[in-house]
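Single-letter residue listing:
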Amino acid sequence: MKKLPEILGFVAVLQGVASLVHEFTDWNVGVVRRLGFPDGFGVCAGISLLVLGVALLVVAESPKSG
């Protein structure tokens, strides 16, 4: 069960970085640029994916309580 948050966190961080790279360099990478709903909010979407990914990675590394 610990593997799933690690994989999702890694993918979210990767897509967040790709979104920010696309916004600042106009290099066509990432999934966020292909979606229609974050049109004009690519930087916010990239930062949100980074935060989500880091949170998932922290949850995956936390020890189980109980």
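For the structure itself, consult the block above.
Think of each chain on its own: its residues are numbered from 1, step by step along the sequence as written. Only residues with pLDDT of 70 or above have their local features reported here, since the model is predicted, and side-chain atom pairs are shown and tallied only from 80 upward, although totals for entire chains, interfaces and linings are computed over all residues. Values reported for side chains reflect all heavy atoms of the structure, with hydrogen atoms and water molecules removed beforehand.

*Asks:* Report on helix α1 (residues 3-25), specifying residues and quantitative values.
*Replies:* Only DSSP runs of H or I reaching four residues or more are called helices, and only runs of E reaching two or more are called strands; each is numbered from the N terminus. Here the expected length of a helix is defined as 1.5 Å per residue gap, with one fewer gap than residues. Between the first and last C-alpha of α1 there are 33 Å, a value that for 23 residues agrees with the 33 Å anticipated at 1.5 Å per step. The classification of residues rests on relative accessible area computed with a 1.4 Å probe and restricted to protein chains. Under 20% of the type maximum is buried, over 50% is exposed, and intermediate values are partly exposed. Buried within α1 are the following residues: P5, G9, A12, Q15, G16, A18, S19, L20 and H22. For α1, the secondary structure elements touched by its buried residues are α2 (42-61). Count one or two residues on from α1 and you reach D26, which has phi positive near 60°. It only takes one pair of heavy atoms within 4.5 Å for two residues to be counted as in contact.

*Asks:* Go over a nonpolar patch on the surface with me, naming the residues and quoting the values.
*Replies:* A residue counts toward a patch only above 30% relative accessible area and without a salt bridge, and it is joined to like-charged neighbours within 9 Å or, for Val, Leu, Ile, Met, Phe, Trp and Tyr, to nonpolar neighbours within 5 Å. Only the protein chains shown count as cover for residues, and all accessible areas are computed by the Shrake-Rupley method using a 1.4 Å probe. Salt bridge, as applied in this entry: a Lys or Arg side-chain nitrogen positioned within 4 Å of an Asp or Glu carboxyl oxygen. Judged by side-chain polarity, I7, F10, V11 and L14 come together as a nonpolar surface patch covering roughly 380 Å² of accessible area. Mapping V11 onto the fold places it in helix α1.

*Asks:* So, the environment of V51: which residues are in play, and what are the values?
*Replies:* Looking at the secondary structure, you find V51 in helix α2. In this structure the C-alpha to C-alpha distance between V51 and V32, which are 19 residues apart in sequence, comes to 15 Å.

*Asks:* Could you give an account of α2, with specific residues and numbers?
*Replies:* Since the α-helix packs 3.6 residues into each turn, any two residues three or four apart lie on the same face. For α2, spanning 20 residues, the distance from its first C-alpha to its last is 29 Å, which sits close to the expected 28 Å at 1.5 Å a residue. Where α2 is concerned, the buried positions are G42, A45, G46, G53 and A60. With its buried residues spanning 100° around the axis, α2 presents them on a single face. Opposite the packed face of α2, turned more than 90 degrees from it, sit the exposed residues V51, V58 and V59. As for α2, its buried residues are in contact with α1. Each direction from the helix axis to a C-beta atom contributes to the arc, which is the arc of those directions.

*Asks:* Can you explain the packing of α1 against α2? Please cite residues and give values.
*Replies:* Two measures define how a pair of helices packs: the angle their axes make with one another and the distance between the axes. At their nearest, the axes of α1 and α2 sit 7 Å apart, and the two run at 160° to each other. Taken together, α1 and α2 sit at an angle that is classed as roughly antiparallel. Pair α1 / α2 crosses with left-handed handedness. Where helices are involved, their axes are fitted lines through C-alpha atoms of the stretch in contact, as for all axes, and angles between N-to-C directions lie from 0 to 180°. To sort the angles, those under 35 degrees are grouped as roughly parallel, those over 145 as roughly antiparallel, those from 65 to 115 as roughly perpendicular, and the leftovers as oblique. Should the near helix be turned anticlockwise from the far one by less than a right angle, the crossing is left-handed, and should it be turned clockwise, the crossing is right-handed.

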